[in-house]
Amino acid sequence: MSHAKSGEDANGECHDSKSRVTIVGSGSWGSVAAKLVASNALKLPSFHDEVRMWVFEEVLPNGEKLTDVINKTNENANYLPGIKLGRNVVADPDLENAVKEANMLVFVTPHQFMDGICKKLKGKIKGEVEAISLVKGMEVKKEGPCMISSLITKELGINCCVLMGANIANEIAVEKFSEATVGYRESREIADTWVQLFSTPYFMVTPVHDVEGVELCGTLKNVVAIAAGFVDGLEMGNNTKASAAIMRIGLREMKALSKLLFPSVKGSTFFESCGVADVITTCFGGRNRRVAEAFAQSGGKRSFDELEAEMLEGQKLQGVSTAREVYETLNHSGKLEMFPLFSTVHQICIGPMTKRAAEEAPPSTDSSTTGPNFLGCYRDQVAELLSQEERLPHHEDGDTKKPSTEIIGAGISSLKREKLKALLRQCVTDLIPGVDEMQSRARSMLLMSQLSNKKPSISVTNEEVEDDIQLLMKSDPRLFKEIVKKHTDDVLTSLNNMQQQAEKLLDNVATSCRPMSRDEKRDLQRSIKELPGGNLKRIAEIIKDHHAASGKAFSDEVTVNLEEEDNVMLWRLHFYVAAVKSARKLAS
Ligand SMILES: NC(=O)c1ccc[n+]([C@@H]2O[C@H](COP(=O)([O-])OP(=O)(O)OC[C@H]3O[C@@H](n4cnc5c(N)ncnc54)[C@H](O)[C@@H]3O)[C@@H](O)[C@H]2O)c1
Ligand SMILES: O=P(O)(O)OC[C@H](O)CO
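Just so it is clear, the structure is predicted and the values come from calculations on it, not from any experiment.

Where helix H8 (residues 211-233) meets helix H14 (residues 319-332), the closest approach of the two axes is 8 Å, and the angle between their N-to-C directions is 110 degrees. Taken together, the axes of H8 and H14 lie roughly perpendicular to each other. In this structure, H8 contributes Thr-219, Leu-220, Asn-222, Val-223 and Ile-226 to the contact, and H14 contributes Gly-319, Val-320, Thr-322, Ala-323 and Val-326. Here the residues of the contact of H8 with H14 are counted per class, giving 6 nonpolar, 4 polar and no charged.

Surveying the vicinity of ligand 2 reveals the residues Lys-136, Gly-165, Ala-166, Asn-167, Ile-168, Lys-221, Asp-278, Thr-282, Gly-286, Arg-287 and Asn-288. Measuring from an oxygen atom of ligand 2, one finds a side-chain N or O atom of Lys-221 at 2.6 Å. Contacts to ligand 2 include Arg-287, whose backbone N or O atom sits 2.7 Å from an oxygen atom. At a threshold of 2 Å from the grid points, most atoms of ligand 2 map onto the second largest pocket. Counting only elements with at least two residues in the shell around ligand 2, the list comes to helix H11 (273-285) and helix H12 (287-297). Across the shell around ligand 2, the residue classes break down as 2 nonpolar, 5 polar and 4 charged. Here the shell around ligand 2 gathers at least three residues from each of two domains, domain 1 (7-209) and domain 2 (214-363).

Before going further, it helps to examine the nonpolar core. Judged by nonpolar contacts, the single largest core of 94 residues is most densely connected at Phe-230, Ile-246, Phe-304, Phe-342 and Leu-573. Looking at this core element by element, the count peaks at 13 residues for H8. Setting aside its immediate chain neighbours within four residues, Leu-573 contacts Leu-524, Ile-528, Ile-539, Ile-542, Ile-543 and Leu-562. Membership of the second largest hydrophobic core comes to 47 residues, among which are Ala-33, Leu-80, Val-182 and Val-195.

Turning our attention to the packing of helix H10 (residues 247-261) against H11. Relative to each other, H10 and H11 sit at 135 degrees, their axes nearing to 11 Å. One way to sum up the angle between H10 and H11 is to call them oblique. Regarding H10 and H11, the two cross each other, and that crossing is right-handed. On the side of H10, the interface is formed by Met-247, Leu-251 and Met-254, while H11 contributes Val-276, Val-279, Ile-280, Cys-283 and Phe-284. When its residues are assigned to classes, the contact of H10 with H11 shows 8 nonpolar, no polar and no charged.

Further remarks concern the environment of His-547. With respect to the helices and strands, the residue His-547 is situated in helix H23 (residues 533-549). For His-547, a relative accessible area of 12% translates into the label buried. C-alpha separation for the pair His-547 and Met-569, spaced 22 residues apart in sequence, amounts to 8.9 Å.

What follows concerns the confidence of the model for the protein. Residues at a pLDDT of 70 or more form 85% of the protein, whose mean pLDDT is 85. Taken as a whole, residues 1-9 scores under 50 in pLDDT and shows 29 contacts with residues more than four places along the chain or in a different chain. pLDDT under 50 marks residues 353-371. Its contacts with residues more than four places away, or in other chains, come to 35 contacts.

Rules and cut-offs
Residues numbered from 1 in each chain as written. Chains lettered and ligands numbered in written order. Predicted model: local features only at pLDDT ≥ 70, side-chain atom pairs only at ≥ 80, totals over all residues. Heavy atoms only, no water. Axes fitted to C-alpha atoms, helices over the stretch in contact; angles between N-to-C directions. Helix = DSSP H or I, 4+ residues; strand = E, 2+ residues; numbered from the N terminus. Parallel < 35°, antiparallel > 145°, perpendicular 65-115°, else oblique. Contact = heavy atoms within 4.5 Å. Nonpolar A, V, L, I, M, F, W, Y, C, P; charged D, E, K, R; others polar. Near = heavy atom within 4 Å. Polar contact = N/O pair within 3.5 Å; in protein donor to acceptor, adjacent residues only side chain to side chain. 1 Å grid on protein atoms, 1.4 Å probe; cavity = no way out; pocket = protein on both sides within 12 Å on 5 of 7 lines; lining within 4 Å. Sits in = over half its atoms within 2 Å of the grid points. Domains from an automatic or database assignment. Core = buried A, V, L, I, M, F, W, Y, C linked by side-chain atoms within 4.5 Å. Buried < 20%, exposed > 50% of the residue type's maximum accessible area, 1.4 Å probe, protein only. Left-handed = near helix turned anticlockwise from the far one by under 90°. pLDDT = per-residue confidence, 0-100.

Right under this line is the structure:
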């Protein structure tokens, strides 16, 4: 994008190569965006001074039009009273007129109006136009979820960056320091232009090459903020809000859902202003939190619509509709149970809520340490699938009546078996990112503990040990050790939880297996004997746990007599031995 001064082209025709900016929206954040951009447009030679702001026209109680008041007083009396926007901001109630000369469009209205706005602008935008969306929210179309930046690109055929962050409008309006993140898809140059247009000494903007990640952070944190409001309304305290029940799990679900929708989303984006910082600021200071708190205080008797109208005077909440959109998306893809916080927020928003229901609503302890409860959810789905099925004789395939060679699901119809396999395949796919994360956390902890003992046995790169960690290690070795221990314990707890869930899932799967043949038992016996000591210990644990679960007495000494074990136990051992063999093969 070029920003040369106005001039004549080769044909002697006058052309304007300075950029013109229009702000599409004039709520509280829209007005602050206009103020930021207007102050920079005056300073930057590549921009026209005038900044247009499209205003959804309203008539004030004194009969004056909002647009006229803004142009007369330079203040948005309805949405940002007391703040001068800059004399170069021109309010315009005519959408088409407001955008017709602009080649840089800033979209900043509540997300529910964006579809209508795009439809009105379709075919009305000409030439090379760049857009940026400050809108936190998404649309759910027949084809699935559609981020607002994609909606703009699809409907108007223009590239669209996003700007999100910990940005409570009223604070930035009075020039309190804040950061924001610009997400871009392709051109870094265009992202830099937006950064330049928005940055001021009190508003620091950073570009990130992850448009979906940035936009999903801004969108999904509003659902987390609604949950934070519920917890505040129920006076459950800041520990609950920050830790297990809300912000921590909220961030995990935000990350998991973002990656599910767009696998290219980067983990590092969640540590930018648009991620963890926006979660914190909105959960403590935002409108979503405030109205959700009032909703909880009313015991769910007053609706969000009523409270929004009463408390926000024309401003709009985004979290309630986003919770519904997220719920629809998850419901459609059969993944509701993997996101207990998101789905519960929607259920509370639409239904009567009692203190008890809300207290029962937070995610189970399973998911509080392992994030979205993938394994627990698959375990339940497998159990449900198998319990629904009328068992057939083990030696027959349900549909063909031919002897079955399948191990898993041998006693169920082939249709159910295919469903079971599909569930297990999906489980593995969903589990991979969690396992990768666990592996990387475990590697970091190993590295840190070796560093604290000054004996790294693996090569250490500078990126892996950040400066502040190195500093802490040198300045306060005792605190460093404590932190390493705490995080190591967390990793071990998470691993333990994952293992327990996986065990339960395997127990369920094993109930569907055909009887093990004599030859297979012999093979299993042989394979167990060849296992090293550590794995034998695990075999003993599996047998002990299984006996305990089925109410059998057990002693400390475990003797393995495969002839006496039940079929479920035999296949559980078979799966374990097979996993050990595969792991060894991979390692060699
Ligand atoms: N306010 C903040 O602190 C803040 C900060 C960052 C991001 N955001 C995001 O910015 C976006 C815009 O929010 P805001 O805070 O500027 O708005 P707002 O909630 O303060 O105001 C609502 C706006 O919607 C307009 N409106 C009402 N009915 C309309 C209609 N039928 N069609 C079009 N417009 C209509 C109103 O005129 C007003 O401008 C949202 O996605 C929000 O999440 C807000
Ligand atoms: O006031 P909220 O809850 O709409 O949140 C405002 C902003 O998104 C905070 O970054």
